[in-house]
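Understanding the architecture of this molecule
If you want the building blocks of each chain, they are given just below.
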Amino acid sequence: MMTMTPATARAFWLALLDNAARIIVEADTLFPSPRAQSLVVLAQEEVGKAVWVHQAFWSAWNAGDETPSEVPELRQHARRHIPKLMQATDFTT
């Protein structure tokens with residue numbers, strides 16, 4: 001993932017959460033099919049990525065700091081499902 005400004009990170013964070021919400025709505029229309037279950041997992045992964053962005057930029061957002069930064073977890077775990085699911089689960093508990 002490229003370096004982002006806090007403003008760009010906020011837009012990305014909101015897009016991830018919006019995407020997760022839309023995926024859940026779609027899953028609800030398909031329930032109880034196996035595709036619905038797969039979509040719920042995908043939505044959880046989006047939430048996991050959103051949590052990483054939130055954690056990386058929370059202090060910058062609150063302080064008004066516009067220093068660009070990275071979210072290393074997005075690069076480290078880009079193709080790995082478990083870390084994203086674990087982060088989403090930790091967030092919800």
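Everything below is about the structure shown above.
No experiment lies behind these values; they were computed from the predicted model shown. (Residues numbered from 1 in each chain as written. Predicted model: local features only at pLDDT ≥ 70, side-chain atom pairs only at ≥ 80, totals over all residues. Heavy atoms only, no water.)

1. A closer look at the overall build of the protein
Scanning the protein for helices and strands turns up 4 helices and 0 strands. Reading the protein from its N end, one meets helices and strands in the order α-α-α-α. Classification of the 93 residues of the protein by burial places 31% in the buried group. Entry remark: accessible area of the protein is about 6,000 Å², with carbon and sulfur atoms responsible for 60%. Computed over 8 positive and 10 negative side-chain charges, the separation of the two mean positions in the protein equals 6 Å. (Helix = DSSP H or I, 4+ residues; strand = E, 2+ residues; numbered from the N terminus. Buried < 20%, exposed > 50% of the residue type's maximum accessible area, 1.4 Å probe, protein only. Areas by Shrake-Rupley, 256 points an atom, 1.4 Å probe, with all protein chains shown as cover. Lys, Arg positive; Asp, Glu negative; His and termini not counted. Charge placed at Lys NZ, Arg CZ, Asp CG, Glu CD.)

2. Regarding the packing of aromatic side chains
Applying the stated criterion across every chain, the model contains 2 aromatic pairs. Aromatic pair Phe57 and Trp61: ring centres 6.3 Å apart, planes at 20°, arrangement stacked. Of this pair, Phe57 and Trp61 both sit in helix α2 (residues 34–63), 4 residues apart, roughly one helical turn. This pair shows no difference in class: Phe57 is buried, exactly as Trp61 is. Through a chain of ring-to-ring contacts, the aromatic side chains of Trp13, Phe57 and Trp61 assemble into a single cluster. Between the NZ or CZ atom of Arg10 and the centre of the ring of Trp61, over which it lies, the distance is 4.6 Å. (Phe/Tyr/Trp six-rings, centres within 6.5 Å; stacked < 30°, edge-to-face > 60°. Lys NZ or Arg CZ within 6 Å of the ring centre and 35° of its normal.)

3. Points about helix α1 (residues 6–30)
With 25 residues, α1 extends 36 Å from end C-alpha to end C-alpha; this agrees with the ideal 36 Å at 1.5 Å per step. Within the span of α1, buried status applies to Pro6, Ala9, Trp13, Leu16, Ala20, Ile23 and Ala27. Looking at the buried positions of α1, the neighbouring elements they touch are α2. (Expected span 1.5 Å × (residues − 1). Contact = heavy atoms within 4.5 Å.)

4. Brief notes about the side chain of Glu46
Its place among the elements puts Glu46 in helix α2. If we skip the residues at most four places from it in the chain, Glu46 touches Leu16, Asn19, Ala20 and Ile23.

5. Let's talk about the packing of α1 against α2
It is the contact of α1 with α2, at a shortest axis distance of 8 Å, that shows an interaxial angle of 160°. Of the possible angle classes, the one that applies to α1 and α2 is roughly antiparallel. Between α1 and α2 the crossing geometry is left-handed. Residues belonging to the contact of α1 with α2 are distributed by class as follows: 22 nonpolar, 2 polar and 5 charged. (Axes fitted to C-alpha atoms, helices over the stretch in contact; angles between N-to-C directions. Parallel < 35°, antiparallel > 145°, perpendicular 65-115°, else oblique. Left-handed = near helix turned anticlockwise from the far one by under 90°. Nonpolar A, V, L, I, M, F, W, Y, C, P; charged D, E, K, R; others polar.)

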